[in-house]
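Residues per chain, in single letters:
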Amino acid sequence: MRHLYAIGLGGNRRHGRHGAPRAVLAAALDALAADVDIVACSAIIDTAPLGPGTRRFANAAAIIASDLEPPGLLLRVKRLERAFGRRRGRRWGDRVLDIDLLLWSGGRWRSPALSIPHAELARRAFVLVPMLAIAAHWPVAADARAVRHLHSRLTRARPAHNAAHRV
Ligand SMILES: Nc1nc2c(c(=O)[nH]1)N=C(CO)CN2
């Protein structure tokens, strides 16, 4: 069966061959396109780091279509992260490439390894801002609100954090 997913991509470290973080994200999307359909892709935006780091991030979101169920797609994106040299490290550490499964057309998915909708979605402007461009009306199963509602709620709560994101 065909499923739709919203995924988020981020990175703030250079890659030896691909170079700067925005080039890493573009290369990762190209690599993903080999076995899933990329339905829509946001711009790659420059974002202030959330958390203790100081290095700015490149972030993007995409909608993809695939026959893979969430665990299968998770394996695929984790393999891609490793192929780009991602090492498991501190939770908030700098990273070459991070790919998160944010939403899927099946609604909720709960397992020890994976939660969809992504648990941090509503708190992360660096995820919601790029998603607004491609999935503003997608209802987020956890609270039945569309992405654009989560984004405006976060903008009211944390205007400075949100303003630090440039398209
Ligand atoms: N702006 C921004 N900040 C972050 C990001 C990210 O992708 N973008 N990822 C993190 C670790 O998941 C921690 N902080």
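Residue positions are given per chain, counted from 1 along the sequence in the order it is written. Local features are withheld for residues below a pLDDT of 70 in this predicted model, meaning they are given only at 70 or higher, and side-chain atom pairs are given and counted only at 80 or more; totals for whole chains, interfaces and linings count all residues. Side-chain metrics rest on all non-hydrogen atoms present in the structure, leaving aside hydrogens and water.

Applicable threshold: UniProt positions are given in the numbering used here, feature names are shortened, and annotations may be inferred rather than shown by experiment.
The name given to the chain in an unreviewed UniProt entry is 2-amino-4-hydroxy-6-hydroxymethyldihydropteridine pyrophosphokinase, with the source organism recorded as Sphingomonas quercus. Listed under Sequence similarities (unreviewed entry) in UniProt, the entry text for the chain is "Belongs to the HPPK family." Per UniProt, the chain carries the Function (unreviewed entry) text "Catalyzes the transfer of pyrophosphate from adenosine triphosphate (ATP) to 6-hydroxymethyl-7,8-dihydropterin, an enzymatic step in folate biosynthesis pathway."

1. Quick look at the nonpolar core
Rules: The set of buried Ala, Val, Leu, Ile, Met, Phe, Trp, Tyr and Cys residues whose side-chain atoms join them within 4.5 Å is what this entry labels a nonpolar core. When accessible area is computed with a 1.4 Å probe and restricted to protein chains, residues below 20% of their type maximum are described as buried, those above 50% as exposed, and intermediate ones as partly exposed. Counting from the N terminus, the helices are DSSP H or I runs at least four residues long and the strands are E runs at least two residues long. Any two residues having at least one pair of non-hydrogen atoms within 4.5 Å are treated as being in contact.
Membership of the largest hydrophobic core comes to 27 residues, with the highest contact counts inside it found for I7, L9, F84, L97 and L101. By residue number, the principal contributor to this core is helix α1 (residues 21–32), which donates six residues. Beyond its immediate stretch of four places on either side in the chain, L9 contacts L25, A28, L29, A58, N59, A60, L97, D98 and I99. One finds A6, I45, F126 and L128 within the second-largest nonpolar core, a separate group that totals 20 residues.

2. Overview of the packing of helix α3 (residues 125–135) against helix α4 (residues 147–157)
Helix packing geometry: the angle between the two helix axes and the distance between the axes. Rule in force here: Geometry is summarised by axes, namely lines fitted to C-alpha atoms with helices restricted to the contacting stretch, and by angles between N-to-C directions that run from 0 to 180 degrees. Angular relationships are summarised with four words: roughly parallel below 35 degrees, roughly antiparallel beyond 145, roughly perpendicular across 65 to 115, and oblique for the angles in between. Definitions for this section: a left-handed crossing has its near helix turned counterclockwise from the far helix by less than a right angle. A right-handed crossing has that turn clockwise. Three classes are used, and their members are as follows: Ala, Val, Leu, Ile, Met, Phe, Trp, Tyr, Cys and Pro are nonpolar, Asp, Glu, Lys and Arg are charged, and the others, Gly among them, are polar.
For the pair α3 and α4, interaxial distance at closest approach is 9 Å and the crossing angle is 140°. Taken together, the axes of α3 and α4 lie oblique to each other. Relative to α4, α3 is oriented so that their crossing is left-handed. Seen from α3, the contacting residues are A125, L128, V129, M131, L132 and A135; seen from α4, they are V147, R148, L150, H151 and L154. Looking at the contact of α3 with α4 residue by residue, the class counts come to nine nonpolar, one polar and one charged.

3. What about α1?
Rules: Under the convention used throughout, the expected extent of a helix is 1.5 Å for every residue step, that is, one less than its residue count.
Here α1 spans 16 Å end to end across 12 residues, near enough to the 16 Å set by a 1.5 Å rise per residue. All buried positions along α1 are accounted for by P21, V24, L25, A27, A28, L29 and L32. The secondary structure elements touched by the buried residues of α1 are β1 (3–11), β2 (37–41), β4 (57–66) and α2 (70–83).

4. Observations regarding α3
Across the 11 residues of α3, eight count as buried, placing the element largely inside the fold. Taken together, the buried positions of α3 are A125, F126, V127, L128, V129, P130, M131 and A135.

5. Notes on the pairing of β1
Where we set the bar: Two strands pair if DSSP finds at least two bridges between them.
The element β1 is extensively covered by neighbouring structure, given that eight of its nine residues are classed as buried. Both β1 and β4 contribute to a ladder of nine bridges, which runs antiparallel. Opposite G10, over in β4, you have N59 as the bridge partner.

6. Some details on the environment of I44
Along the chain, I44 turns up in the loop between β2 and β3 (45–47). Taking the relative accessible area as the measure of exposure, I44 reaches 17% and is therefore buried. Each C-alpha atom of the pair I44 and A61 lies 8.0 Å from the other, and the pair is 17 residues apart in sequence. I44 has contacts with R22, L25, A26, A58, N59 and A60, leaving out every residue within four places of it along the chain.

7. Examining the pattern of salt bridges
Condition: For salt bridges, the criterion is a side-chain nitrogen of Lys or Arg within 4 Å of an Asp or Glu carboxyl oxygen.
Enumeration over the complete set of coordinates arrives at nine salt bridges. With a shortest N-O distance of 3.2 Å, E81 and K78 are connected by a salt bridge. Here the residue E81 and the residue K78 both occupy positions in helix α2, the gap between them amounting to three residues, near one helical turn. Counted as one network, the salt bridges with shared partners bring together R2, D37 and D67.

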